[in-house]
Amino acid sequence: MLEKLNVFLQKYIAILTPASLVLGVFLESVGHHLLFLVAWLFAFMTFSGSLTMKFKDVKIFMKHPALIVFSIIFLHLLMPLWAYFLSTVIFDDHLLTVGFVLAVALPTGVTSVIWINICKGNLPLGLSIILIDTLLSPFILPFILYIVSGEKIELDVASLIVNLLLMIVLPTILGILVNELSKGEVPKKFGKKLAPFSKLCLFAVIMINSSAISPYLKDINFHLFFVILLVFMLAVSGYIFAFIIGRTILKDDPQMTTFVFTGGMRNIAVGVIVATTYFPGKVAMPVVFGMLFQQVLASVFSRVITKRTVIQNN
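Residues numbered from 1 in each chain as written. Predicted model: local features only at pLDDT ≥ 70, side-chain atom pairs only at ≥ 80, totals over all residues. Heavy atoms only, no water.

Let us now look at empty space enclosed by the protein. A complete count under the given rule lists three cavities of 30 Å³ or more for this structure. Considering only enclosed or pocket space, the largest cavity measures out at about 200 Å³ in volume. What lines the largest cavity is a set of 15 residues, and nearest its centre among them are A103, V104, L234, A235 and R266. Listed by contribution, the elements that provide at least two residues to the lining of the largest cavity are α6 (94-105), α12 (222-249), α13 (253-264) and α15 (281-289). Top contributing element to the lining of the largest cavity by residue count: α12, with four residues. Across the lining of the largest cavity, the residue classes tally to nine nonpolar, five polar and one charged. (1 Å grid on protein atoms, 1.4 Å probe; cavity = no way out; pocket = protein on both sides within 12 Å on 5 of 7 lines; lining within 4 Å. Points joined across faces, edges and corners; volume = space filled by probe spheres on them. Helix = DSSP H or I, 4+ residues; strand = E, 2+ residues; numbered from the N terminus. Nonpolar A, V, L, I, M, F, W, Y, C, P; charged D, E, K, R; others polar.)

Dropping the structure here:
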């Protein structure tokens, strides 16, 4: 039953994600009372997602140091600069600029592993990028946000670092330890059973935190339309840039595939938590709307990569 539920949730994730967002907006008063659950839900998601990882995944860095370092630069420097440029050109709103930068400066998404597998990418390399980026994110992300926020927004950097360590790093290390100490038996027995609960936690996090942007969605106007449009442009451009760079520089197709999905996907759930916890509600808008497109675009680019591989093989 749990496996069937997981297949159902995975199949309709592109629909259930925005549905959770809309439901959270309508249940604004309920969401505010459930905010205390968010950090715990996310910690469980992180733990569940890291059960397949091993400490030796970091050793892959020795085989592909340049690619892994460039992946981190792409995620946390090139894309944030691109988002800052576009948002300041299109909007004269500092809070939205912080939101757009936050949306693309997040660590790469653990769910990129699914698409790397589907498109026959380099899975060990993908796991290595995810693990290293995840462990570095509590230090990289607050630094980026501190620079972008400037003096206009007071940011409690120390609290943010501690929060990210508790939500991301500690559950990741715990998940790896459980995998290592059980010699893979725990994820083999419980991995598939935990998968649907992890997805349900994701929908719950989206629903609870989307209540923070409810006031900004009550008045549907062109401003909101352009915010969503820019979120879409940034999401698409992330995949396109990663695809062009991968196709131009990387000669190895599995490596290119891995770079596309780790470069295109983001751990948006943690971004929503950071935005709603440390900033005014408007900052969360670009981050939350990013959830509308992530899985859909991953599906589109998986077809592009698959088609390119078929053409090359013929």
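Right, let's talk about the layout of surface pockets for a bit. When its volume is computed, the largest pocket comes out at roughly 1,100 Å³. Together, 37 residues line the largest pocket, and G49, V110, T111, I114 and K199 are the ones closest to its centre. Among the secondary structure elements, those contributing two or more residues to the lining of the largest pocket are α1 (2-11), α2 (13-26), α4 (38-49), α7 (112-118), α8 (123-149), α10 (185-209), α14 (268-278) and α16 (294-313). Sort the elements by how many residues they give to the lining of the largest pocket and α10 lands first, with eight residues. Classifying every residue of the lining of the largest pocket by side-chain character gives 18 nonpolar, 15 polar and four charged. Put simply, the second largest pocket is a space of about 190 Å³. In terms of lining, the second largest pocket is formed by H76, L77, P80, L81, Y84, V101, F143, I144, I147 and V148. Contributing elements (two or more residues each) for the lining of the second largest pocket: α5 (65-90) and α8. Here the lining of the second largest pocket is built from residues that sort into nine nonpolar, one polar and no charged.

The next subject is the packing of α8 against α13. In the contact formed by α8 and α13, the axes pass within 9 Å of each other and the chain directions differ by 30 degrees. On the basis of their axis angle, the class for α8 and α13 is roughly parallel. Here α8 runs over α13; the crossing is right-handed. Contacts between α8 and α13 involve L125, G126 and I129 from the former and Q255, T258 and T262 from the latter. (Axes fitted to C-alpha atoms, helices over the stretch in contact; angles between N-to-C directions. Parallel < 35°, antiparallel > 145°, perpendicular 65-115°, else oblique. Left-handed = near helix turned anticlockwise from the far one by under 90°. Contact = heavy atoms within 4.5 Å.)

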